[in-house]
Amino acid sequence: MIAKAQENNEGVIKFHLDFRAGPAPEESLLLKLNAWRTSFLELGLIGQDPERYEGYGFGNLSRRLPGQRENAFLISGTQTGHLNALQANHYATVLQCNPAKNQLQATGQIKPSSEALSHGILYQINPQIHWVMHLHSPDIFNNYRSLVLPCTDPSAAYGTPEMASAIEALAKEQQDGHSSLLVMGGHQDGILAYGSDADATGGLVIRTLNRALQKAP
C-alpha cells in the first residue's frame with residue numbers, strides 16, 4: 001500500500017517563485033487544455049471539494065509553449081479548481097524551472113500551480129513531451145500495483161525537488177513521445193499523465209480509470 005500523503009498544506013506553493021505580472025496567454029493555445037479540463041472536472045479528477053484534501057483545489061494541466069524559449073510552458077494557475085471554466089487569465093507562463101534548486105520563474109495574471117516543478121522536469125528531460133496532466137484519482141492510486149503502474153517514492157512530497165527527482169527517474173525510462181502515466185506515491189491520489197499528443201494523453205487517463213474501476217474493492 002502506498003503511504004498516504006506526506007505533505008501538509010495541500011495546494012500551497014513550496015518552491016521559490018520569481019513571479020512578475022504580464023499578459024495572459026493566447027486563447028488559441030488553451031483550447032485543448034480547457035477541453036480536457038472540462039472532461040476531467042466532470043469525472044472528479046480535477047476540482048475542489050470541501051471533503052477532499054482539506055478543501056483545497058486539486059489537479060492541473062499544462063502544455064509546452066510552442067515557438068518560445070526552450071522548455072517554457074503554460075500551466076493552470078494555483079487554486080483554480082473551484083472554477084467551472086478557465087479563461088486565459090487563469091493560466092501562467094513558466095519561463096524557467098530549476099527543480100534541483102527549488103526555483104521557478106513565471107509571468108501572467110496568476111501564479112502557477114503548486115505542482116509546476118513536477119511539470120517542468122518532464123518538459124526538461126524529454127523534448128517530445130508537450131502535454132502534462134496532473135490529476136487526482138483514488139481508484140487509480142489505490143490500484144496502481146494491479147494496474148502495473150510506475151510509482152514514485154512515498155517519501156517524496158508534492159511540489160518539492162524530491163518529487164521532481166522521483167518523477168525524472170521514472171520518466172527517463174521511456175524517452176519516446178508515447179503517452180505515459182505514473183502514480184505520485186507521496187501525493188495522495190495524485191497521478192501524472194504526459195506525452196506528445198493531448199488527446200492520446202487524456203485518453204490514456206480515461207482508459208486507466210476504466211481499468212481501475214473494474215478492479216475488486
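Residues numbered from 1 in each chain as written. Predicted model: local features only at pLDDT ≥ 70, side-chain atom pairs only at ≥ 80, totals over all residues. Heavy atoms only, no water.

S.K.: Provide a residue-level description of the overall build of the chain, including the pertinent values.
M.R.: The helix and strand tally for the chain stands at five helices and 10 strands. The C-alpha atoms of the chain give 16 Å as radius of gyration, which agrees with the globular expectation for 217 residues (17 Å, within 12%). Across its three principal directions, the C-alpha atoms of the chain cover 50 × 35 × 35 Å. Put simply, the chain has 217 residues, and 54% of those count as buried. Considering only residue pairs separated by 6 or more positions, the chain has 69% of its internal contacts joining residues 24 or more positions apart. Carbon together with sulfur atoms contributes 48% to the accessible area of the chain, which is approximately 9600 Å² in total. A distance of 3 Å separates the average location of the 16 positive side-chain charges in the chain from that of its 20 negative side-chain charges. (Helix = DSSP H or I, 4+ residues; strand = E, 2+ residues; numbered from the N terminus. Rg over C-alpha atoms; globule rule 2.2 N^0.38 Å. Buried < 20%, exposed > 50% of the residue type's maximum accessible area, 1.4 Å probe, protein only. Contact = heavy atoms within 4.5 Å. Areas by Shrake-Rupley, 256 points an atom, 1.4 Å probe, with all protein chains shown as cover. Lys, Arg positive; Asp, Glu negative; His and termini not counted. Charge placed at Lys NZ, Arg CZ, Asp CG, Glu CD.)

S.K.: Please set out the sheet that holds strand S8 (residues 131–136) residue by residue, giving values where relevant.
M.R.: Read across the open sheet, the eight strands follow the order S1-S7-S6-S5-S4-S8-S10-S9; overall the sheet is mixed. Edge positions in the sheet fall to strand S1 (16–21) and strand S9 (180–183), since each of these pairs with one other strand and no more. In this sheet, adjacent strand axes meet at a mean angle of 20 degrees when their direction is disregarded. Examined bridge by bridge, strand S4 (residues 60–64) and strand S5 (residues 73–76) share three bridges and lie antiparallel to one another. Residue pairing in the sheet places Ser62 in a bridge with Ile75 of S5. (Pairing = 2+ DSSP bridges. Axes fitted to C-alpha atoms, helices over the stretch in contact; angles between N-to-C directions.)

S.K.: Mind laying out the confidence of the model for the chain, listing which residues take part and the relevant values?
M.R.: In low-pLDDT regions, the fine details of the predicted coordinates are not to be read closely. Residues at a pLDDT of 70 or more form 91% of the chain, whose mean pLDDT is 89. Counting contacts from residues 1–10, a segment whose pLDDT is below 50, to residues more than four positions away or on other chains yields 38 contacts. (pLDDT = per-residue confidence, 0-100.)

S.K.: Which residues make up the nonpolar core, and what values do they have?
M.R.: Core analysis: the biggest nonpolar cluster contains 31 residues, and Phe40, Leu61, Leu135, Ile140, Leu181 and Val205 have the highest contact counts within it. Where this core is concerned, the elements lending two or more residues are helix H1 (31–42), S8, helix H3 (138–142), S9, strand S10 (190–195) and helix H5 (198–213). Residue contacts for Leu135: discarding those within four places in its chain leaves Phe40, Leu45, Ile46, Gly59, Leu61, Asp189, Gly190, Ile191 and Val205. If you look at the next biggest cluster of nonpolar residues, it comprises 26 residues, including Phe73, Ala156, Leu170 and Leu182. (Core = buried A, V, L, I, M, F, W, Y, C linked by side-chain atoms within 4.5 Å.)

S.K.: Residues and numbers for the packing of aromatic side chains, please.
M.R.: For any pair of aromatic rings, geometry is given as the distance between the ring centres together with the angle between the planes. Per the counting criterion, the structure on display carries three aromatic pairs. Arranged with centres 5.1 Å apart and planes meeting at 70 degrees, the rings of Tyr53 and Phe58 form a pair that is edge-to-face. Judged on exposure class, the residue Tyr53 and its partner Phe58 are both buried. Summarising the aromatic geometry, the rings of Phe73 and Tyr123 are spaced 4.9 Å apart at their centres and angled 35 degrees between planes, so their arrangement reads as tilted. Highlighted residues: Phe73 in strand S5 and Tyr123 in helix H2 (residues 116–125), separated in sequence by 50 residues. (Phe/Tyr/Trp six-rings, centres within 6.5 Å; stacked < 30°, edge-to-face > 60°.)

S.K.: Got a sec to walk through the pattern of salt bridges? Specific residues and values, please.
M.R.: Pairing of side chains with opposite charge becomes possible as their charged atoms draw close. If you walk through the whole model with that rule in mind, you get three salt bridges. Here Glu168 makes a salt bridge to Lys172, at a shortest N to O gap of 3.2 Å. (Salt bridge = Lys/Arg side-chain N within 4 Å of Asp/Glu carboxyl O.)

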